[in-house]
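Listed below are the residues making up each chain.
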Amino acid sequence: MRKTYTFRQSWAKDFLLCPERSRRSAFDPEWDSPDTDATVLGTALHEYMESRLHGLSHSEAEEDAVAWLDARMEAKDFERIQIKGDDTLRGKLVGMASRMNTSVVPSVPPVDPAEIERVFNVPLTADGTIRLKGAWDARDINGRIWDWKTAAQIDRYQGWEIDRWYVQPTFYCVAAAIVDLVDEYGEDTAMELMWKEAPTSAMAEVDFTFAVVSKSTQPIAQLFHTTRNIGHASWLAEQLRSFVTLYEGVGVDYAWPKNDQHALCSAKWCPAWGDCKGRHFTQ
């Protein structure tokens, strides 16, 4: 019986940052990566945008998002790293929601409720051994995928970098194209149509937008547009096959390659720092 490997974009992104980080997050029972104020604030903003897309007014959606955040703060079930005070965290959410209301919401075409946080689990490769799983934030009536982001600084997002190597747009755009083919033809025929030789592939170019709002005192919001096509789908399949090769060749009981060439390799952002790169340096 053939093995099937199912990937989420967050794990693929982790692997591309540092294979060892992704191995430990998936297979190490001692791995502990709790929510932080940054992730909780990001999820609260998602709550706001989901409410807006479902037809709530700005004030109603803001109230719901703040209530969600207050419940998390009362539960004390996340780690404070950057934003210590409850009032400050709540104020950040209100400011960002206001900026999204004026700078982002008017730019989003209507969205079918079924396309808000739509869950998918579809084959990527022709043989069905590699699958994509997850949920996109929203897909509008024109087929564009939207993703809501918070950032300490807006300039961390660069259009040319998003176009060239960001895996999240690739993952969701490819999944969206396959979802439509599977819905219409079923998985087997969808894969036949998907992987016909270019330019006869049934995968059309898919549009994607990051809507990013800063966590600054005066929040700034910006839209970053990109596209993905069958070439990106083919490259994603090759990347994921290489992950499978490493998994099958090395297993999960031995360390995978370690990459420190990025900002998340630090005591603040990686739970493995203390017994990985961090153990080579005195505190």
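Heads up: the structure comes first, above all this text.
These figures come from a predicted structure and were not determined experimentally. Note that residues are indexed from 1 along each chain, following the sequence as it is written. Per-residue local features of the predicted model are confined to residues with pLDDT of at least 70, and side-chain atom pairs are confined, for both listing and counting, to 80 or more; whole-chain, interface and lining totals are unaffected and use all residues. With hydrogens and water stripped out, all remaining heavy atoms of the structure feed into the side-chain values.

Let's shift gears to the overall build of the chain. Secondary structure is summarised from DSSP: a helix means a run of H or I of at least four residues, a strand means a run of E of at least two, and numbering begins at the N terminus for each. Of the regular secondary structure elements, the chain holds 9 helices and 6 strands. Radius of gyration (C-alpha) of the chain: 20 Å, near the 19 Å computed for a compact globule of 283 residues. Its C-alpha atoms give the chain principal-axis dimensions of about 55 × 55 × 35 Å. For each residue, the accessible area found with a 1.4 Å probe, counting protein chains only, is set against the maximum for its type, and the residue is called buried under 20%, exposed over 50%, and partly exposed in between. Expressed as a percentage of the 283 residues in the chain, the buried residues total 47%. Residue contacts are defined here by distance: any two heavy atoms, one from each residue, within 4.5 Å place the two residues in contact. Intrachain contacts of the chain at a sequence separation of at least 6 include 70% that bridge at least 24 residues. Here the chain has roughly 14700 Å² of accessible surface; of this, 49% comes from carbon and sulfur atoms. One way to put it: in the chain the 31 positive side-chain charges average out to a point 5 Å from where the 43 negative ones average out. Using C-alpha atoms as the atom set, the radius of gyration is obtained and then compared with a globule rule of 2.2 Å times the number of residues to the power 0.38. Only the protein chains shown count as cover for residues, and all accessible areas are computed by the Shrake-Rupley method using a 1.4 Å probe. Charge assignment in this entry is limited to Lys and Arg as positive and Asp and Glu as negative, and neither His nor the chain termini are counted. Lysine's charge is taken at NZ, arginine's at CZ, aspartate's at CG and glutamate's at CD.

Two cysteine sulfur atoms make up a disulfide if the distance between them is within 2.5 Å. Scanning the entire structure with this criterion turns up 0 disulfides. No disulfide involves Cys270; its sulfur sits 6.5 Å from that of Cys265, the nearest cysteine.

Glancing now at the side chain of Arg144. By the element assignment, Arg144 lies in the loop between strand E3 (130-139) and strand E4 (145-151). Relative accessible area serves as the criterion here: at 19%, Arg144 is assigned to the buried category. Polar contact is defined as a pair of N or O atoms within 3.5 Å, subject to the rule that within protein one atom must be able to donate a hydrogen and the other to accept it, and that residues adjacent in sequence are counted only when both atoms are side-chain atoms. A distance of 3.4 Å separates polar atoms of two side chains, one belonging to Arg144 and the other to His225. With sequence-adjacent residues up to four places away left out, Arg144 is seen in contact with Ala138, Arg139, Asp207, Phe208, Thr209, His225 and Thr226.

Another point: unusual backbone geometry. Positive phi outside glycine occurs at Lys76, with the angle close to 55°. Tracing the chain through its elements places Lys76 in the loop between helix H4 (58-75) and helix H5 (86-103). A positive phi angle, near 50°, is found at Glu117, a position not held by glycine. Counting through the fold element by element, Glu117 comes out in strand E2 (residues 116-123).

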